[in-house]
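One letter stands for each residue in the lines below.
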Amino acid sequence: AILAAARSGGSQFLYEATVGAGLPIIAPLQTLLRAGDKVEAVEGIFSGTLSYIFNTWKPGMKFSDVVADAKAKGFTEPDPRDDLSGTDVARKVTILARELGLQLELDDVPVKSLVPASLQDWQPS
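Quantities reported herein were computed from a predicted structural model and do not represent experimental measurements. (Residues numbered from 1 in each chain as written. Predicted model: local features only at pLDDT ≥ 70, side-chain atom pairs only at ≥ 80, totals over all residues. Heavy atoms only, no water.)

Colleague: Would you mind showing me how to read the overall build of the chain here?
Modeller: Scanning the chain for helices and strands turns up six helices and zero strands. What you see in the chain, going N to C, is helices and strands ordered as α-α-α-α-α-α. The C-alpha atoms of the chain give a radius of gyration of 18 Å, which is well past the 14 Å a tight globule of 125 residues would have. A principal-axis box enclosing the C-alpha atoms of the chain has dimensions of 55 × 30 × 25 Å. Residues counted as buried form 26% of the 125 residues belonging to the chain. For the chain, the exposed surface amounts to about 8,800 Å²; the carbon and sulfur share of it is 58%. (Helix = DSSP H or I, 4+ residues; strand = E, 2+ residues; numbered from the N terminus. Rg over C-alpha atoms; globule rule 2.2 N^0.38 Å. Buried < 20%, exposed > 50% of the residue type's maximum accessible area, 1.4 Å probe, protein only. Areas by Shrake-Rupley, 256 points an atom, 1.4 Å probe, with all protein chains shown as cover.)

Colleague: What is the right way to read helix H6 (residues 87-99) from this model?
Modeller: Structural remark: α-helix, 3.6 residues per turn; residues separated by three or four positions point the same way. Taking 1.5 Å as the rise per residue, H6 with 13 residues should run 18 Å; its terminal C-alpha atoms sit 18 Å apart, in good agreement. Of the residues making up H6, those classed as buried are Asp88, Ala90, Lys92, Thr94, Leu96, Ala97 and Glu99. Contacts made by the buried residues of H6 are with helix H2 (26-34) and helix H5 (81-84). Just past H6, the residue Gly101 takes up positive phi, approximately 95 degrees. (Expected span 1.5 Å × (residues − 1). Contact = heavy atoms within 4.5 Å.)

Colleague: Explain the nonpolar core here, please?
Modeller: Generally speaking, nonpolar side chains in soluble globular proteins are found buried as a group. Ranked by size, the top nonpolar core spans eight residues in total: Leu50, Tyr52, Ile53, Val66, Val67, Ala70, Leu84 and Val115. Sequence-distant contacts of Tyr52, defined by excluding residues within four places in its chain, comprise Val66, Asp69, Ala70, Lys73 and Phe75. (Core = buried A, V, L, I, M, F, W, Y, C linked by side-chain atoms within 4.5 Å.)

Colleague: Whenever I open this one, the pattern of salt bridges confuses me. Can you help?
Modeller: Any two side chains of opposite charge can pair, so long as their charged atoms come close to each other. This model, assessed by the stated rule, comprises four salt bridges. Of the charged contacts, one joins Lys73 and Asp69 as a salt bridge, the two residues approaching to 3.4 Å between their closest N and O atoms. You can call Lys73 partly exposed: its relative accessible area is 47%. Linking Arg81 and Asp79 is a salt bridge whose minimum nitrogen-to-oxygen distance equals 2.7 Å. (Salt bridge = Lys/Arg side-chain N within 4 Å of Asp/Glu carboxyl O.)

Colleague: How do you make sense of helix H3 (residues 48-56) when you look at a structure like this?
Modeller: Listing the buried residues of H3 in full gives Thr49, Leu50, Tyr52 and Ile53. Along the long axis of H3, the arc covered by the buried residues comes to 160 degrees, so they all point the same way. Residues of H3 that are buried make contact with helix H4 (63-72), H5 and H6. (Arc of directions from axis to C-beta.)

Colleague: Help me understand a nonpolar patch on the surface in this model?
Modeller: On the surface, a nonpolar cluster with roughly 270 Å² of combined accessible area is contributed by Ile2, Leu3 and Phe13. Within the secondary structure layout, Phe13 lies in the loop between helix H1 (2-8) and H2. (Patch = residues over 30% accessible without salt bridge, like charges linked within 9 Å, V, L, I, M, F, W, Y side chains within 5 Å.)

Colleague: Would you mind going over the packing of H3 against H4 with me for this structure?
Modeller: For any two helices packed against each other, the geometry is given by the interaxial angle and the distance between the axes. Packing of H3 against H4 brings their axes to within 10 Å, and their N-to-C directions diverge by 135 degrees. When the axes of H3 and H4 are compared, the pair comes out oblique. Two packed elements cross with a definite hand, and for H3 against H4 that hand is right-handed. Counting all contacts with H3, which are made through Tyr52, Ile53 and Thr56, the residues of H4 involved are Phe63, Val66, Val67, Asp69 and Ala70. Residues that form the contact of H3 with H4 fall into these classes: six nonpolar, one polar and one charged. (Axes fitted to C-alpha atoms, helices over the stretch in contact; angles between N-to-C directions. Parallel < 35°, antiparallel > 145°, perpendicular 65-115°, else oblique. Left-handed = near helix turned anticlockwise from the far one by under 90°. Nonpolar A, V, L, I, M, F, W, Y, C, P; charged D, E, K, R; others polar.)

Now the structure itself:
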């Protein structure tokens, strides 16, 4: 709605997002599209948190310890379940897909959660 209002009013609505390792991607994508390029695929690491966790975890380590370490270092979302559930990646994929002109909702992105079922609805006391 905001973008449509900007277009109909002859103005610009400028925005940027970081999607994957904190790198700006919206403006470069828009530049490619304006130049007439066709984006056939977008590949990359969409979660610095998951990258850190999977590159740090080794057999014999407690997964929860690695997640706690990532949180202590500030790599995770405020609630690490957003990372581990795939929600953060799904949000980023949705943003990129919409920028590329796809009609996509968050629920359209398939994800597989790493959060055990017993912790998915857990709330701190």
